[in-house]
Amino acid sequence: MELEELTNAIVAGNLNVAVQMSQQAVDAGIEPKAIIGDYLIKGMEIIGARFGEGKAFVPNLLMSARAMKGCLDLLKPLMQGDTSISCGKIVIGTVKGDLHDIGKNLVASMFEGSGFELVNLGINVEADKFVQAIKDNNADILALSALLTTTMGYMKDVIEAVEAAGLRGKVKIMVGGAPVNAEFAKQIGADIYTDDANEAVIAAKRLVGKA
Ligand code: B1M
């Protein structure tokens, strides 16, 4: 069985082939952790690098992320209790007032596909909910997304709430979304701004010392 084809199916965003091949790999006795680490993540890295070089585009990322998620849905139940694959825990959400979630979900899928455990709070998320989720999950990273100039300012409110709860020293904060930039991130006290899903994964791994 040529498992390189599984990597290729992730790169091509071919959900059905990727899931079928993952099932065949399980049936052949290959550890789910090895399937993820050696073949699936490699596929996401390849498509992420192509995106970074301008050789792949957002629809390609979405299709690869969907194929990856399909495989993870199959493999995750088979490795319950095995947290050794985890790079860390990330709480992610689109901030209050903002209903855009396509980019945020793409970033979340890429995080998940790269070995992070995700708590996805969805859209229109209030500061208190972020704070509670950080506490409940002992999160390593808080990832905030905003697509509107009218909602990006609320990221500062979230960071202030995290500070007020005494959690700022325990959690790294990443921000992103079309109107956000590095200067704004610095102004509001975030740890890092990233431009796209691929950069977000690279930055998150650096923040938790796994790069
Ligand atoms: Co809206 N919308 N929208 N919209 N919408 C924009 C953002 C807008 C730029 C369109 C425009 O006018 N040209 C504009 C914002 C203007 C501004 O503020 N400067 C706008 C507006 C005005 C509005 C409404 C106010 C329209 C109205 O009702 N009058 C309204 C607001 C609703 C609300 O949120 N309260 C609204 C509504 C909607 C829909 C619901 C119809 C829909 C969202 C559906 C959904 O998300 N489920 C929608 C859409 C689809 C868009 C556009 C067309 C596409 C956004 C998208 O999904 N892009 C958008 C115009 C555009 O961007 N061209 C627009 C694809 C996605 C993969 O990219 O989300 O940028 P993106 O994510 C990227 C990066 O930003 C980054 O990585 C992702 C992948 O590379 N990233 C992060 C994102 N989050 C990150 C977090 C990170 C790191 C990176 O770390 C934590």
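In what follows, the structure referred to is the one given above.
Residues numbered from 1 in each chain as written. Predicted model: local features only at pLDDT ≥ 70, side-chain atom pairs only at ≥ 80, totals over all residues. Heavy atoms only, no water.

Visitor: Can you help me understand the side chain of Ser22 in this one?
Guide: Structurally, the position occupied by Ser22 is in helix 2 (residues 15-27). Apart from residues lying up to four places away in sequence, Ser22 is in contact with Leu6, Ile35, Leu40, Cys71 and Leu74. (Helix = DSSP H or I, 4+ residues; strand = E, 2+ residues; numbered from the N terminus. Contact = heavy atoms within 4.5 Å.)

Visitor: Got a minute to help me understand the pairing of strand 4 (residues 172-176) in this structure?
Guide: Strand residues, when the strand is regular, have side chains that alternate between the two faces of the sheet. Most of strand 4 is tucked away: four of the five residues are buried. The pairing of strand 3 (residues 141-145) with strand 4 spans five bridges and is classified as parallel. Note on strand 4: the bridge partner recorded for Leu142 is Ile173. One crossover worth recording links strand 3 to the parallel strand 4 by way of helix 7 (residues 154-164), and it is right-handed. Pairing of strand 4 with strand 5 (residues 192-193) involves two bridges; the strand directions are parallel. If you follow Val175 over to strand 5, its bridge partner there is Tyr193. In terms of handedness, the path from strand 4 via helix 8 (residues 182-188) over to strand 5 forms a crossover that is right-handed. (Buried < 20%, exposed > 50% of the residue type's maximum accessible area, 1.4 Å probe, protein only. Pairing = 2+ DSSP bridges. Right-handed = clockwise from strand over helix to strand, strands pointing away.)

Visitor: Quick question: what am I supposed to make of the packing of helix 1 (residues 4-12) against helix 4 (residues 58-75) here?
Guide: How two helices pack is summed up by the angle between their axes together with the distance between the axes. In the contact formed by helix 1 and helix 4, the axes pass within 6 Å of each other and the chain directions differ by 130°. Between helix 1 and helix 4, the angle falls in the class oblique. Residues Ile10, Val11 and Ala12 of helix 1 form the contact with helix 4, whose participating residues are Met63, Ser64, Ala67, Met68 and Cys71. Residues belonging to the contact of helix 1 with helix 4 are distributed by class as follows: seven nonpolar, one polar and no charged. (Axes fitted to C-alpha atoms, helices over the stretch in contact; angles between N-to-C directions. Parallel < 35°, antiparallel > 145°, perpendicular 65-115°, else oblique. Nonpolar A, V, L, I, M, F, W, Y, C, P; charged D, E, K, R; others polar.)

Visitor: Is there a simple way to think about the site of the ligand in this case?
Guide: Around the ligand sit 25 residues in total, of which Leu99, His100, Asp101, Ser145 and Thr149 are the nearest. Between His100 and the ligand, the recorded distance is 2.7 Å, taken from a side-chain N or O atom to a nitrogen atom. Asp101 has a polar backbone atom sitting 2.7 Å from an oxygen atom of the ligand. The element that contributes the greatest number of residues to the shell around the ligand is helix 5 (residues 102-113), accounting for four residues. Residue composition of the shell around the ligand, by class: 13 nonpolar, eight polar and four charged. (Near = heavy atom within 4 Å. Polar contact = N/O pair within 3.5 Å; in protein donor to acceptor, adjacent residues only side chain to side chain.)

Visitor: Looking at this structure, how should I read the sheet that holds strand 3?
Guide: Read from one edge of the open sheet, five strands run 2-1-3-4-5, paired in parallel fashion. Each edge of the open sheet is held by one strand with a lone partner, namely strand 2 (116-120) and strand 5. Two strands pair when backbone bridges link them, and strand 1 (residues 88-94) and strand 2 are joined in this way by five bridges, in the parallel orientation. Paired with Gly88 across the strands is Phe116, a residue of strand 2. The sheet strands contacting helix 5 are strand 1, strand 2, strand 3 and strand 4, and the helix crosses strand 2 at an angle near 150°. Its contacts with the sheet place helix 7 against strand 3 and strand 4, and it is angled at close to 160° to strand 3.

Visitor: Is there a simple way to explain helix 7 in this structure?
Guide: Because each turn of an α-helix spans 3.6 residues, side chains separated by three or four positions in sequence point in the same direction. Buried residues of helix 7: Tyr154, Met155, Val158, Ile159, Ala161 and Val162, and no others. Viewed along the axis of helix 7, the buried residues span an arc of 160°, placing them on a single side of the element. As for helix 7, its buried residues are in contact with helix 6 (127-137), strand 3, strand 4 and helix 8. Where helix 7 ends, the next residue or the one after it, Gly166, has phi of about 75°, a positive value. (Arc of directions from axis to C-beta.)

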